Amino acid sequence: QVQLVESGGGLVQPGGSLRLSCAASGTIFNILTMGWYRQAPGNERELVATIPSGGSTNYADSVKGRFTISRDTAKNTAYLQMNNLKPEDTAVYYCNAVIRVPSKDIHGYWGQGTQVTVSS
């Protein structure tokens, strides 16, 4: 069993910053990829950023230059530093991880989501 727990969301004014965290726990062999996605009301979930192990980071065009994804492999944790936030960044942010369990099966997991609201 694997769990992803997100934290760090909240209310921030335009131009402000937030740092999201996602900690994976449970029976994990290794984590292949971690990433952040977001979903605004009425919209589909969309990619924000990903960070594969040993691979290049990937960002949505809308967040390039403002958001930074990072990863602490030893802690099974991913972070999303969000700077210069805009109202259109308002969404529920979900952590995603592609994880190999000890049986060597590979599964994708989602966190419960954390609300980010950017408003004056």
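The structure under discussion appears in the preceding block.
Quick notes on the rules
- Residues numbered from 1 in each chain as written.
- Predicted model: local features only at pLDDT ≥ 70, side-chain atom pairs only at ≥ 80, totals over all residues.
- Heavy atoms only, no water.
- Helix = DSSP H or I, 4+ residues; strand = E, 2+ residues; numbered from the N terminus.
- Rg over C-alpha atoms; globule rule 2.2 N^0.38 Å.
- Buried < 20%, exposed > 50% of the residue type's maximum accessible area, 1.4 Å probe, protein only.
- Contact = heavy atoms within 4.5 Å.
- Lys, Arg positive; Asp, Glu negative; His and termini not counted.
- Charge placed at Lys NZ, Arg CZ, Asp CG, Glu CD.
- Pairing = 2+ DSSP bridges.
- Axes fitted to C-alpha atoms, helices over the stretch in contact; angles between N-to-C directions.
- Phe/Tyr/Trp six-rings, centres within 6.5 Å; stacked < 30°, edge-to-face > 60°.
- Lys NZ or Arg CZ within 6 Å of the ring centre and 35° of its normal.
- Salt bridge = Lys/Arg side-chain N within 4 Å of Asp/Glu carboxyl O.

Asks: Tell me about the overall build of the chain, and please be specific about residues and values.
Replies: If you tally the helices and strands in the chain, you get 0 helices and 11 strands. When the elements of the chain are put in sequence order from the N terminus, they spell out β-β-β-β-β-β-β-β-β-β-β. Relative to the globule expectation of 14 Å for 120 residues, the C-alpha radius of gyration of the chain, 14 Å, shows essentially globular dimensions. Over its C-alpha atoms, taken along the principal directions, the chain stretches across nearly 50 × 25 × 25 Å. Considering the chain as a whole, with its 120 residues, one finds that 41% of them fall into the buried category. Intrachain contacts of the chain at a sequence separation of at least 6 include 56% that bridge at least 24 residues. Distance between charge centroids for the chain: 7 Å, based on 10 positive and 8 negative side chains.

Asks: Would you mind going over the sheet that holds strand S1 (residues 2-7) in detail, with residue names and values included?
Replies: Taken in spatial order, the 4 strands of this open sheet run S1-S3-S8-S7, and their pairing is antiparallel. Sheet topology places S1 and strand S7 (67-72) at the edges, where each strand pairs with a single neighbour. Adjacent strand axes in the sheet meet at a mean angle of 15°, parallel and antiparallel pairs treated alike. In terms of strand pairing, strand S3 (residues 18-26) meets strand S8 (residues 77-82) through 6 bridges, oriented antiparallel.

Asks: Any chance you could break down the packing of aromatic side chains for me, citing the residues and the numbers?
Replies: Summed over all chains, the structure comprises 1 aromatic pair. Between Tyr 37 and Trp 110, the aromatic rings sit 5.1 Å apart at their centres with planes inclined by 70°, giving edge-to-face as the arrangement. Linking Tyr 37 in strand S4 (residues 30-39) with Trp 110 in strand S10 (residues 106-110), this pair joins segments that are 73 residues apart in sequence. Relative accessible area serves as the criterion here: at 19%, Tyr 37 is assigned to the buried category. Its guanidinium or amino end placed over the ring of Trp 110, Arg 45 lies 4.5 Å from that ring's centre, counting from NZ or CZ. For the cation-ring pair, Lys 104 lies above Phe 29, with the distance from its terminal atom to the ring centre recorded as 4.9 Å.

Asks: Go over the pattern of salt bridges, please, and point to the residues and values.
Replies: Evaluation of the coordinates by the stated rule reveals 4 salt bridges. A salt bridge links Asp 89 to Arg 38; the nearest nitrogen and oxygen atoms lie 3.0 Å apart. With Asp 89 in the loop between S8 and strand S9 (91-100) and Arg 38 in strand S4, the pair connects residues that are 51 residues apart, well separated along the chain. Look at Asp 89 and you get buried, because its relative accessible area is 1%. One network of salt bridges, in which partners are shared, links Arg 38, Glu 46, Arg 66 and Asp 89.

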